[in-house]
Amino acid sequence: MTFEDNDLYRDITGFAHDTPVWVQRTAEAWTEAGLLVFGVLFVIFWWRARHADSRAFAIAALAPVATAVAYVCSELLKSVITEERPCRAVPDALPSLITCPPTGDWSFPSNHSTIAGGAAVTLVLVRRALVWLTAPMALLMAFSRVFVGVHYPHDVAAGLLFGVLLAFLAVRVGTRPVARLTETMRASSSSAARWLTGPGPTAAARPRRHAAHARR
């Protein structure tokens, strides 16, 4: 942990205390509510992918799973590094806006930022245009963790990078086997399996899809 990082932490938390109360309350809410928003997006795009081809469905289904994998790896890393929270460790810092997590709930990397980075990149793999929504969401969530005083800037930067890399790799590795599993489940006699994966492209949509691939 460097002096410059401590200094930046003090600058950000000092700025946070100078902002209007409604800004502080919004940041406090967003630091947790952002996770819920990402969860809703996962559900929406899984549901839409039930009418997509098996590869597109596989990516949509893997998005939350890959994000969860990144989170678990982040939690394991935290237990190895055991960095104390800045709201206790940084001298002369203003109090955190939210309750400082107890000792043992370590700081590096930020789990929230890892989840945000993983969710952002996997949703972009589902639909590229989502980058204009998910990237700002992830950055705001990461910044909010420093703003409310419970993480160092390097915690959230590492968390974002960790989440992006691990979730991206998990989706890339898992897409092919999950796509094959999707095709098996769609052909299954089990109504639950067919409901989970959906019917795939409609008969009318398939010729248009094949024609589009041919033009590429």
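Here, every reference points to the structure presented above.
Per chain, the residues get numbers from 1 upward, laid out in the order the sequence is written. Residues qualify for local features only when their pLDDT is at least 70, as the model is predicted, and side-chain atom pairs are given and counted only at 80 or more; totals for whole chains, interfaces and linings, by contrast, use all residues. Calculated side-chain values reflect all of the structure's heavy atoms, with hydrogen atoms and water omitted.

Asks: Pulling in residues and values, what's your account of the packing of helix α3 (residues 54-81) against helix α7 (residues 153-186)?
Replies: Each pair of packed helices can be summarised by the angle the axes make with each other and by the distance between the axes. In this analysis, axes come from line fits to C-alpha atoms, helices being fitted only over the stretch in contact, and the angle between any two N-to-C directions falls in the range 0 to 180 degrees. Secondary structure follows DSSP: runs of H or I at least 4 residues long count as helices, runs of E at least 2 residues long count as strands, and numbering of each begins at the N terminus. The contact between α3 and α7 brings their axes to 6 Å, and the two run at 140°. One way to sum up the angle between α3 and α7 is to call them oblique. In this structure, the crossing between α3 and α7 has a hand that is right-handed. In the contact of α3 with α7, the residues fall into 15 nonpolar, 7 polar and 4 charged. Any angle from 65 to 115 degrees is called roughly perpendicular, while one under 35 is roughly parallel, one over 145 is roughly antiparallel, and all others are oblique. Should the near helix be turned counterclockwise from the far one by less than a right angle, the crossing is left-handed, whereas a clockwise turn marks it as right-handed. Charged residues are taken to be Asp, Glu, Lys and Arg, nonpolar residues to be Ala, Val, Leu, Ile, Met, Phe, Trp, Tyr, Cys and Pro, and polar residues to be all remaining types, Gly included.

Asks: Hey, could you go over the state of the cysteines for me, with residue numbers and the actual values?
Replies: Put simply, a disulfide is two cysteine sulfurs that come within 2.5 Å. A full pass over the atoms with the stated rule returns 1 disulfide. Linked covalently through their sulfurs, C87 and C100 form a disulfide whose S-S length is 2.0 Å. Judged by the torsion about the S-S bond (70°), the C87/C100 disulfide is right-handed. Taken as a pair, C87 in helix α4 (residues 86-89) and C100 in the loop between α4 and α5 (111-126) lie far apart in primary sequence, 13 residues in all. Take C87: its relative accessible area is 23%, and that puts it in the partly exposed class. Categorising residues by exposure relies on relative accessible area from a 1.4 Å probe, with only protein chains included: less than 20% of the type maximum marks a residue as buried, more than 50% marks it as exposed, and the intermediate range marks it as partly exposed.

Asks: Could you give an account of a nonpolar patch on the surface, naming the residues involved and the relevant values?
Replies: On the surface, L36, V40 and I44 cluster together into a nonpolar patch covering about 270 Å² of accessible area. Turning to its location among the elements, L36 is positioned in helix α2 (residues 21-49). With a relative accessible area of 61%, L36 lands in the exposed category. A patch consists of residues whose relative accessible area exceeds 30% and which take part in no salt bridge; residues with like charges are grouped when within 9 Å of each other, and nonpolar side chains (Val, Leu, Ile, Met, Phe, Trp, Tyr) when within 5 Å. Shrake-Rupley sampling with a 1.4 Å probe provides the accessible areas, and residues are treated as covered by the protein chains on show and by no other component. One side-chain nitrogen of Lys or Arg within 4 Å of one carboxyl oxygen of Asp or Glu is enough to make a salt bridge.

Asks: Any details on unusual backbone geometry? Residues and values, ideally.
Replies: Cis peptide bonds are those with omega within 30 degrees of zero, and the linkage from F108 to P109 qualifies with -10°. Inspection of the secondary structure assignment puts P109 in the loop between α4 and α5. Not every positive phi belongs to a glycine, and T82 is a case in point at roughly 50°. The phi dihedral of D92 is positive, around 65°, even though this residue is not glycine. You can see D92 is positioned in the loop between α4 and α5.

Asks: A description of the packing of α5 against helix α6 (residues 131-147) should follow, citing residues and the corresponding values.
Replies: Interhelical geometry of α5 versus α6 gives an angle of 175° and a closest axis separation of 9 Å. When the axes of α5 and α6 are compared, the pair comes out roughly antiparallel. Contact residues: α5 offers H112, S113, A116, G117, A120, L123 and V124, while α6 offers V131, T134, A135, A138, M141, A142 and R145. Taken together, the residues of the contact of α5 with α6 sort by class into 9 nonpolar, 4 polar and 1 charged. Only heavy atoms enter the contact rule, under which two residues are in contact if any of them lie within 4.5 Å.

Asks: Can you break down α5 residue by residue, with the values?
Replies: The span expected for a helix works out to 1.5 Å for each residue beyond the first. With 16 residues, α5 should reach 22 Å at 1.5 Å per residue; the first-to-last C-alpha distance of 22 Å fits that figure. α5 sits mainly inside the fold: 13 of its 16 residues count as buried.

Asks: So what about the pattern of salt bridges? Which residues, and what values?
Replies: The full count for this structure, using the stated rule, is 4 salt bridges. R25 serves as the salt-bridge partner of E28, at 3.0 Å between the closest nitrogen and oxygen. Residue E28 and its partner R25 are both found in helix α2; the two are separated by 3 residues, about one turn of the helix. Judged by relative accessible area, R25 falls into the partly exposed class, the value being 46%.

Asks: I'd like to hear about the packing of aromatic side chains, residue by residue, with values.
Replies: The aromatic pairing rule takes the rings of Phe, Tyr and Trp, using the six-membered ring of Trp, and pairs them if the centres are within 6.5 Å, calling planes under 30 degrees apart stacked, those over 60 edge-to-face and the rest tilted. A full pass over the atoms with the stated rule returns 6 aromatic pairs. Among the aromatic residues, ring-to-ring pairing joins F15, F143 and F147 into one connected group. Any Lys NZ or Arg CZ found within 6 Å of a ring centre and within 35 degrees of that ring's normal is scored as a charge over the ring. The ring of W47 is capped by R50, whose NZ or CZ atom sits 4.2 Å from the centre of that ring. Lying over the aromatic face of W195, R50 brings its terminal NZ or CZ to 5.5 Å of the ring centre.

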